[in-house]
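Now for the letters of each chain:
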Amino acid sequence: MVNYKDLGLVNTREMFAKAVDGGYAIPAFNFNNMEQLQAIIKACAETKSPVILQVSSGARKYANQTLLRYMAEGAVEYAKELGWEHPQICLHLDHGDTFELCKSCVDFGFSSVMIDGSSLPYEENIALTKKVVEYAHQYDVTVEAELGVLAGVEDDVVAEESHYTKPEEVIDFATRTGCDSLAISIGTSHGAYKFKPEQCTRDPKTGKLVPPPLAFNVLEEVEKKLPGFPIVLHGSSSVPQEYVDIINTHGGNLPDAVGIPEDQLRKAAKSAVCKINIDSDSRLAFTAAVRKVLAEKPGEFDPRKYCGPARDEMVKLYKHKIIEVLGSDGKAE
Ligand code: 13P
């Protein structure tokens, strides 16, 4: 058993309380490899932003849970080396689907876990979430739960259709489970294809898809029911069209990829939404940079020569999100 406090990590409690009060959101960035982690830490150290490092079940399979945990421990030291005196770094399990998985992460040094029972019947979601909360809270590990269903594909999580969170359920759910934060469904979805073309309109000038707006009315209802309670938005990549274009003009094929416009995320970050999950945008930044180098220099075979530029591109992306979208810069001096 390792407690996250011994690793220099923090849970989400204080981060979220400050974010709700301050009208900003904490970035929750997924990582699967060293370059992503380096980029996240560099961007957060340079902007002094608190951060949630997310490990999904796909990341555990790809990179190994043990390795990822030691990488997160190393990240705290790396942050200090970069001159960030008091790094606020949380290590979070993204989309845990069983009690056993959440327990294993708590026992292994994670400071926060998500139990995603959103695909279960309501009472089963409550029972599972409560069981995880009771275990995790013994070690001061915070727990995120989910109500409502997000569409899209994220590693092992696949849902064809979304169902908005029902505001009339949130008080009962939060009270009976004791969860520390709640992910809700208001129209975001996982992946780079968040909307089907028929759900969007097309910009007549660019021909690009314009997605439908998020259901802010649902968010407002939830906020009224649970004032000051930390709300989480999954599936919040914006799918920057410049990356999609670089990928498509350098041998890739991402037709009609579309995300959540940043102005909507900015608006959400000012509300009770205090954690915004971003994974796909980092994958796009990485892929765009790698494709560009390899297309321009077909003789290149040193991974550092294409992973290095990919890492630089991700630093730019993360800083942009922190400063221009979430407003979390300077909140962890
Ligand atoms: P995106 O696919 O929009 O980046 O969402 C990631 C996410 O919600 C991780 O849980």
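For the structure, see preceding data.
Residues numbered from 1 in each chain as written. Predicted model: local features only at pLDDT ≥ 70, side-chain atom pairs only at ≥ 80, totals over all residues. Heavy atoms only, no water.

A. Layout of the side chain of glutamine 88. Within the secondary structure, glutamine 88 is located in the loop between helix 4 (65-81) and strand 3 (89-96). On the basis of relative accessible area, glutamine 88 is assigned to the buried category, the value being 18%. Apart from the residues within four sequence positions on either side, glutamine 88 is in contact with Val10, Met15, Lys18, Pro50, Val51, Lys331 and Ala332. (Helix = DSSP H or I, 4+ residues; strand = E, 2+ residues; numbered from the N terminus. Buried < 20%, exposed > 50% of the residue type's maximum accessible area, 1.4 Å probe, protein only. Contact = heavy atoms within 4.5 Å.)

B. Representation of the packing of helix 2 (residues 34-47) against helix 4. At a closest axis distance of 10 Å, the pairing of helix 2 and helix 4 adopts a crossing angle of 35°. Crossing of helix 2 against helix 4: the hand is right-handed. Judged by residue contacts, Met34, Leu37, Gln38, Ile41 and Lys42 of helix 2 engage Met71, Ala72, Ala75, Tyr78 and Ala79 from helix 4. Partitioning the contact of helix 2 with helix 4 into residue classes produces eight nonpolar, one polar and one charged. (Axes fitted to C-alpha atoms, helices over the stretch in contact; angles between N-to-C directions. Left-handed = near helix turned anticlockwise from the far one by under 90°. Nonpolar A, V, L, I, M, F, W, Y, C, P; charged D, E, K, R; others polar.)

C. Inspection of the packing of aromatic side chains at higher detail. Scanning all chains against the criterion turns up four aromatic pairs. With a centroid separation of 4.4 Å and 45° between ring planes, the pair formed by phenylalanine 29 and tyrosine 318 is classed as tilted. Placement of the pair is phenylalanine 29 in strand 1 (residues 26-30) and tyrosine 318 in helix 12 (residues 303-326), with a sequence separation of 289 residues. Relative accessible area serves as the criterion here: at 0%, phenylalanine 29 is assigned to the buried category. Note on tyrosine 318: relative accessible area 0%, which makes it buried. (Phe/Tyr/Trp six-rings, centres within 6.5 Å; stacked < 30°, edge-to-face > 60°.)

D. Main features of the site of the ligand. Near the ligand you find 17 residues, and of these Lys194, Gly235, Ser237, Asp279 and Ser280 are the closest. Here glycine 191 contributes a backbone N or O atom positioned 2.8 Å from an oxygen atom of the ligand. Between the ligand and histidine 234, the relevant distance is 3.1 Å, taken from an oxygen atom to a side-chain nitrogen or oxygen of the residue. The protein chains hide 99% of the 310 Å² of surface that the ligand would expose on its own. Going through the elements one at a time, strand 3, strand 9 (189-190) and strand 13 (273-278) are the ones with two or more residues in the shell around the ligand. Across the shell around the ligand, the residue classes tally to one nonpolar, 12 polar and four charged. (Near = heavy atom within 4 Å. Polar contact = N/O pair within 3.5 Å; in protein donor to acceptor, adjacent residues only side chain to side chain. Areas by Shrake-Rupley, 256 points an atom, 1.4 Å probe, with all protein chains shown as cover.)

E. Structural view of the pairing of strand 13. Along strand 13, six of the six residues are buried, which leaves the element largely enclosed by surrounding structure. With four bridges connecting them, strand 1 and strand 13 associate as parallel partners. Bridge pairing in strand 13 links proline 27 to isoleucine 276. As judged from the three bridges shared by strand 12 (residues 231-233) and strand 13, these two strands associate in the parallel manner. Across the sheet, leucine 233 pairs through a bridge with isoleucine 276, a residue of strand 13. (Pairing = 2+ DSSP bridges.)

F. Here's a closer look at the pairing of strand 4 (residues 112-115). Along strand 4, one buried face is formed by Ser112 and Met114 and the opposite face, lined by Val113 and Ile115, is buried too. Pairing of strand 3 with strand 4 involves three bridges; the strand directions are parallel. The partner of leucine 93 across the bridge, within strand 4, is valine 113. With helix 5 (residues 99-107) bridging strand 3 and the parallel strand 4, this β-α-β connection has right-handed handedness. Relative to strand 5 (residues 142-147), strand 4 runs parallel, the two sharing four bridges. (Right-handed = clockwise from strand over helix to strand, strands pointing away.)

G. Local environment of helix 5. Three or more residues of helix 5 are buried, namely Phe99, Leu101, Cys102, Cys105, Val106 and Asp107. Residues of helix 5 that are buried sit in contact with helix 3 (57-63), helix 4, strand 3, strand 4 and helix 6 (122-137). One or two residues past the end of helix 5 sits glycine 109, with phi positive at roughly 110°.

H. The arrangement of the sheet that holds strand 3 in detail. Pairing is parallel in the closed barrel, where eight strands are placed in the order 1-2-3-4-5-8-12-13. The sheet shows a mean angle of 25° between the axes of neighbouring strands, direction not considered. In the sheet, strand 8 (residues 181-184) pairs with strand 12 via two bridges, with the strands oriented parallel. Across the sheet, residue leucine 182 finds its bridge partner in strand 12, namely isoleucine 231. Each of strand 1, strand 2 (51-55), strand 3, strand 5, strand 8 and strand 13 is contacted by helix 1 (residues 13-22), which is oriented at about 115° to strand 13, the strand it contacts most. Set on the sheet, helix 10 (residues 262-269) makes contact with strand 12 and strand 13; between it and strand 13 the angle comes to about 145°.

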